[in-house]
Amino acid sequence: MKTILITGGAGFIGSHVVRRFVNKYPEYHIVNLDALTYAGNLENLKDVDTRSNYEFVKGDINDAPFINDLFEKYQFDGVLHLAAESHVDRSIADPMAFIMTNIVGTVNLLNGARKIWKSAEGHRFYHISTDEVYGSLGETGLFLETTSYDPHSPYSASKASSDHLVRAYHDTYKLPIVITNCSNNYGPNQFPEKLIPLSIHNISQNKPIPIYGKGENIRDWLYVEDHAAAIDLVFHEGKDGETYNIGGHNEWTNIALILQLCKTMDKKLGRTEGTSEKLITYVKDRAGHDLRYAIDSTKIQKELGWAPSLQFEEGIEKTVDWYLANHDWLENVSSGAYEKYYEKQYVSR
Ligand code: NAD
Ligand code: TYD
């Protein structure tokens, strides 16, 4: 029986990882540690929350004594660390929350693991990170694992900092670690502040779709369950101390993506083609807006045999279907209704 800590399991990617691990590994005891910030909702896990191999703990990774106690109590064999402040625009408005959770919170977890793991044997600290640490590409080229770090936003700088600290704990204390840097994810359970769920929400309500600048920025999109499959593989088969890039080979300018999304939404909502794209509204550009992200995922494909399974057209259709079928989820997370509900259910220490 292995006891595995997953942090940030009530968030977007974390909820898919928790569900996958709870279903696939009945022999693991999965502990989901999450502070339930605005981005975390236990509703995302309602289908697994009564399972005997799953436990939820409400808590803040910034609280060092609490984290130390937690590691002492559970004697975790492995950690998958996904808890983070994750939205670039929020990091521009309030960098300190990102410094605290993404950097200090990560170090608290590293210290917790270091205190209880007497040897590397049978242990692994897996840090889930982003391609944004590499900065911005021009029109050509791809991010490799060897690309120099060049973060521009407070979000990407905080993630870069935590990546360096995780590697430092490996090199200095021999802590067994692995890191992945993934491109933009999309799919069910994503908080409607990110481009795709925000646009779906606005289109369904006939509200403007805000496009920053000229809409020419490029992102490399990956369906969230393909990311969860890669995380599963790296956790079990990745080599100690290594970094793997994960990406969809699926580059879209923001405007091309939104036009595709509008077409799908028109079809699903029974609207005449061309109706939703009238909602597109160009707004002031994001400060320090990175032009292009694109991942070379040859290493994980060749060494571990991972490949994305879904084509974008299929993934976006599944995503739209999920948001339209879960209209209440969208309304509740946007209004903070779940935050208020769960605040009553769980008392923080
Ligand atoms: P998210 O914002 O949807 O979820 C983050 C979760 O962390 C939430 O459940 C939140 O409650 C929890 N959390 C935040 N602060 C906490 C704290 N102090 N203590 C405990 N829990 C806390 O994020 P996401 O999009 O699911 O991203 C998960 C991870 O994957 C992050 O580390 C992010 O940097 C990384 N990542 C995200 C993407 C993407 O496209 N979303 C791409 C690559 C990497
Ligand atoms: P986002 O989903 O915030 O992810 P990230 O900034 O981490 O890549 O944004 C994706 C792209 O969409 C990015 O280039 C910014 C742009 N964008 C808009 O044009 N309008 C929006 O309302 C949002 C949230 C993002």
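A. Expanded view of the packing of aromatic side chains. Under the criterion given, the structure shown has 18 aromatic pairs. Residues Y25 and Y28 carry aromatic rings whose centres are separated by 4.8 Å and whose planes lie at 20° to one another, so their mutual orientation is stacked. Of the two residues, Y25 and Y28, neither departs from the other in class, the shared state being buried. Residues F71 and F76 carry aromatic rings whose centres are separated by 5.1 Å and whose planes lie at 85° to one another, so their mutual orientation is edge-to-face. Of the two residues, F71 and F76, both sit in the buried class. Members of the aromatic cluster, each reached through a chain of ring pairs, are Y186, W221, Y223, W252 and F312. In this arrangement the basic side chain of R219 is found over the ring face of Y293, its NZ or CZ atom lying 3.9 Å from the centre. The ring of Y244 has K299 sitting right over it, with the charged end atom 4.8 Å from the ring centre.

B. Geometry of the sheet that holds strand β4 (residues 78–81). The seven strands are arranged β3-β2-β1-β4-β5-β6-β10 in an open sheet whose pairing can be described as parallel. Unpaired on one side and paired on the other, β3 (54–58) and β10 (243–246) mark the two borders of the sheet. This sheet shows a mean twist of 20° between the axes of neighbouring strands, independent of strand direction. Lying over the sheet, helix α7 (residues 224–237) contacts β1 (2–7), β2 (28–34), β4, β5 (124–130), β6 (177–182) and β10, oriented at roughly 145° with respect to β5.

C. Inspection of the site of ligand 1 at higher detail. Around ligand 1, 29 residues are found, and the nearest of them are I13, D34, S86, Y155 and K159. Between A35 and ligand 1, the recorded distance is 3.1 Å, taken from a backbone N or O atom to a nitrogen atom. T37 places a main-chain nitrogen or oxygen 3.0 Å from an oxygen atom of ligand 1. Of all elements in the fold, only α1 (12–24), β5, α5 (154–173) and β7 (184–186) reach the threshold of two or more residues within the shell around ligand 1. By residue number, the principal contributor to the shell around ligand 1 is β5, which donates three residues. Within the shell around ligand 1, the residues separate by chemical class into 13 nonpolar, 13 polar and three charged.

D. Quick look at the sheet that holds strand β11 (residues 251–253). On the basis of which strands lie adjacent, the open sheet formed by three strands has the order β7-β9-β11 and mixed pairing. The sheet is open, and its two borders are formed by β7 and β11, each paired with just one other strand. Adjacent strand axes in the sheet meet at a mean angle of 50°, parallel and antiparallel pairs treated alike. Bridge analysis of β7 against strand β9 (residues 218–223) gives three bridges, and the strand direction is parallel. By the bridge assignment for β9, N185 is matched with L222. Where α7 meets the sheet, its contacts fall on β7 and β9, and the angle it forms with β9 comes to roughly 70°.

E. A look at the pairing of β2. Among the seven residues of β2, seven are classified as buried, and the element is accordingly described as predominantly covered. Residues Y28, I30, N32 and D34 line one face of β2 and the alternating positions H29, V31 and L33 line the opposite face, and both faces are buried. Handedness of the crossover joining β1 and β2 through α1 is recorded here as right-handed. One ladder, built from five bridges, connects β2 with β3; its direction is parallel. If you follow L33 over to β3, its bridge partner there is V57.

F. A look at empty space enclosed by the protein. Per the counting criterion, the structure on display carries one cavity of 30 Å³ or more. By volume, the largest cavity amounts to about 40 Å³. Lining the largest cavity, in full, are V88, E132, S153, R219, R286, G288, H289, D290 and Y293. Residue composition of the lining of the largest cavity, by class: two nonpolar, three polar and four charged.

G. Focus on a nonpolar patch on the surface. Together, M96, I99, M100 and V104 line one region of the surface with nonpolar side chains, adding up to about 320 Å² of accessible area. Note that V104 resides in helix α4 (residues 95–116).

H. Focus on the nonpolar core. I6, V17, F21, L80 and Y126 are the most contacted members of the largest nonpolar core, which has 38 residues in total. Of all the elements, α7 adds the most residues to this core, at eight residues. In this structure, V17 is in contact with I6, L80, L82, A228 and I231, ignoring residues within four places of it in sequence. Formed by 27 residues, the second largest nonpolar core is a distinct cluster that contains I203, Y223, L279 and L310.

Criteria and thresholds
- Residues numbered from 1 in each chain as written.
- Chains lettered and ligands numbered in written order.
- Predicted model: local features only at pLDDT ≥ 70, side-chain atom pairs only at ≥ 80, totals over all residues.
- Heavy atoms only, no water.
- Phe/Tyr/Trp six-rings, centres within 6.5 Å; stacked < 30°, edge-to-face > 60°.
- Buried < 20%, exposed > 50% of the residue type's maximum accessible area, 1.4 Å probe, protein only.
- Lys NZ or Arg CZ within 6 Å of the ring centre and 35° of its normal.
- Pairing = 2+ DSSP bridges.
- Helix = DSSP H or I, 4+ residues; strand = E, 2+ residues; numbered from the N terminus.
- Axes fitted to C-alpha atoms, helices over the stretch in contact; angles between N-to-C directions.
- Contact = heavy atoms within 4.5 Å.
- Near = heavy atom within 4 Å.
- Polar contact = N/O pair within 3.5 Å; in protein donor to acceptor, adjacent residues only side chain to side chain.
- Nonpolar A, V, L, I, M, F, W, Y, C, P; charged D, E, K, R; others polar.
- Right-handed = clockwise from strand over helix to strand, strands pointing away.
- 1 Å grid on protein atoms, 1.4 Å probe; cavity = no way out; pocket = protein on both sides within 12 Å on 5 of 7 lines; lining within 4 Å.
- Points joined across faces, edges and corners; volume = space filled by probe spheres on them.
- Patch = residues over 30% accessible without salt bridge, like charges linked within 9 Å, V, L, I, M, F, W, Y side chains within 5 Å.
- Areas by Shrake-Rupley, 256 points an atom, 1.4 Å probe, with all protein chains shown as cover.
- Salt bridge = Lys/Arg side-chain N within 4 Å of Asp/Glu carboxyl O.
- Core = buried A, V, L, I, M, F, W, Y, C linked by side-chain atoms within 4.5 Å.

These figures come from the coordinates and say nothing about function on their own.
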